[in-house]
Amino acid sequence: MRSVELIESWPVEHAGTAVVSADGEVLASHGDLDRVFPLASVSKLLTAYAALVAVEEGAVELDDPAGPEGATIRHLLAHTAGYDFSERTVRAAPGERRIYSNVGFEVLAETIAERAGIDFATYAREAVLAPLSMASTDVSGSPAAGARSTVTDLARFAAELQRPTLLHPETVAEATSVVFPGLDGVVPGFGRQRPNDWGLGFEIRDGKSPHWTGAQSSPRTFGHFGQSGTFLWVDPAAGIACVALTDRDFGPWAAEVWPVFTDAVLAEHGRAGA
């Protein structure tokens, strides 16, 4: 069985997946590729990328003040501004703890919209979706968790993450490297991680255990999963990325099958020596 066909055994009604090489080729795909799925927190990857375009365009800078006193856009992207997960209350000083926060991404989008003079959904469409021909992707919902997309569209985004055309490669390298290293925190659904490494919007695999990627995933792996049963990861050491979207909320089923699936994909499609 091809590794992507393992989604047939997942306890979901609808699912789709694609594996994308570092040069943008779709190496394998299976399932509902053009069905529109809610992304939940995979939305944060699109929001982060639009934010980084705003930085390169000069609309904002990473160290511009944003959010709680003493916090910056960099803090918001890295979940270190101190915000609560869902309430606009401050639980820690900026840079002190890694507190995963939907609110932080909502404030991030509001800040960029204010500085750019355009609503954030429009900015994201013009800056990211339109140039990548992601016509089936809708980012009009919450910038933290409200986007909707297809496997086909996210495969294009996965290609962009590996060979950037909208951002300078150094910007993407910074965004997918650890920011504010050494901070502990919780990965929702997988418990406290010491440390809980994160980049600028992108979760970093590093040595986290347990984790939603595979046992064979390299420490450099970055991406995000969503509570709607979705994920996107890029493994630079393996030279591939993978998207999987489903219509069943994240739960123990996903924590069980996703790592096995990821290891199978890496074994079949990862380059030698990954």
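Scroll up a little and you will see the structure.
Read on for a plain summary of the structure. (Residues numbered from 1 in each chain as written. Predicted model: local features only at pLDDT ≥ 70, side-chain atom pairs only at ≥ 80, totals over all residues. Heavy atoms only, no water.)

## Describing helix α7 (residues 252–269)
Item 1. Taking 1.5 Å per residue as the helical rise, α7 with its 18 residues ought to reach 26 Å, and the 26 Å between its terminal C-alpha atoms agrees with that figure.
Item 2. Along its buried surface, α7 packs onto β1 (15–21), β2 (26–31), β8 (222–226), β9 (230–235) and β10 (240–246). (Helix = DSSP H or I, 4+ residues; strand = E, 2+ residues; numbered from the N terminus. Expected span 1.5 Å × (residues − 1). Contact = heavy atoms within 4.5 Å.)

## As for the packing of aromatic side chains
How two aromatic rings sit relative to each other is set out by the distance from centre to centre and by the angle between their planes.
Item 1. Summed over all chains, the structure comprises 16 aromatic pairs.
Item 2. Between phenylalanine 190 and phenylalanine 250, the ring centres sit 5.6 Å apart and the planes meet at 50°, which makes this aromatic pair tilted. With phenylalanine 190 in the loop between β5 (185–187) and β6 (191–193) and phenylalanine 250 in the loop between β10 and α7, this pair connects stretches of sequence that are 60 residues apart.
Item 3. Overall, phenylalanine 190 belongs to the buried group, its relative accessible area being 8%.
Item 4. Centroid distance phenylalanine 250 to tryptophan 258: 5.6 Å. Interplanar angle 45°. Geometry classified as tilted. (Phe/Tyr/Trp six-rings, centres within 6.5 Å; stacked < 30°, edge-to-face > 60°. Buried < 20%, exposed > 50% of the residue type's maximum accessible area, 1.4 Å probe, protein only.)

## Regarding helix α4 (residues 120–129)
Side chains three or four residues apart in an α-helix point the same way, a direct result of the helix having 3.6 residues per turn.
Item 1. In terms of residue burial, α4 counts as a mostly covered element, since 8 of its 10 residues are buried.
Item 2. Among the residues of α4, Phe120, Ala121, Thr122, Tyr123, Ala124, Ala127, Val128 and Leu129 are the ones counted as buried.
Item 3. Among the structural elements, α1 (43–57), α3 (102–116) and α5 (151–162) are those in contact with the buried residues of α4.

## Quick word on the layout of surface pockets
Item 1. Volume-wise, the largest pocket comes out at about 270 Å³.
Item 2. Around the largest pocket sit 16 residues that line it, and Leu161, Thr176, Arg220, Phe222 and Pro236 are the ones nearest its centre.
Item 3. Every element with two or more residues in the lining of the largest pocket is listed here: α5, α6 (169–175) and β9.
Item 4. Looking at the lining of the largest pocket element by element, the count peaks at 3 residues for α6.
Item 5. Of the residues assigned to the lining of the largest pocket, the class counts are 9 nonpolar, 4 polar and 3 charged.
Item 6. Each pocket or cavity is described by its volume, and for the second largest pocket that value is around 190 Å³.
Item 7. Along its surface, the second largest pocket is lined by 13 residues, and Arg91, Arg98, Ile99, Tyr100 and Val186 are the ones closest to its centre. (1 Å grid on protein atoms, 1.4 Å probe; cavity = no way out; pocket = protein on both sides within 12 Å on 5 of 7 lines; lining within 4 Å. Points joined across faces, edges and corners; volume = space filled by probe spheres on them. Nonpolar A, V, L, I, M, F, W, Y, C, P; charged D, E, K, R; others polar.)

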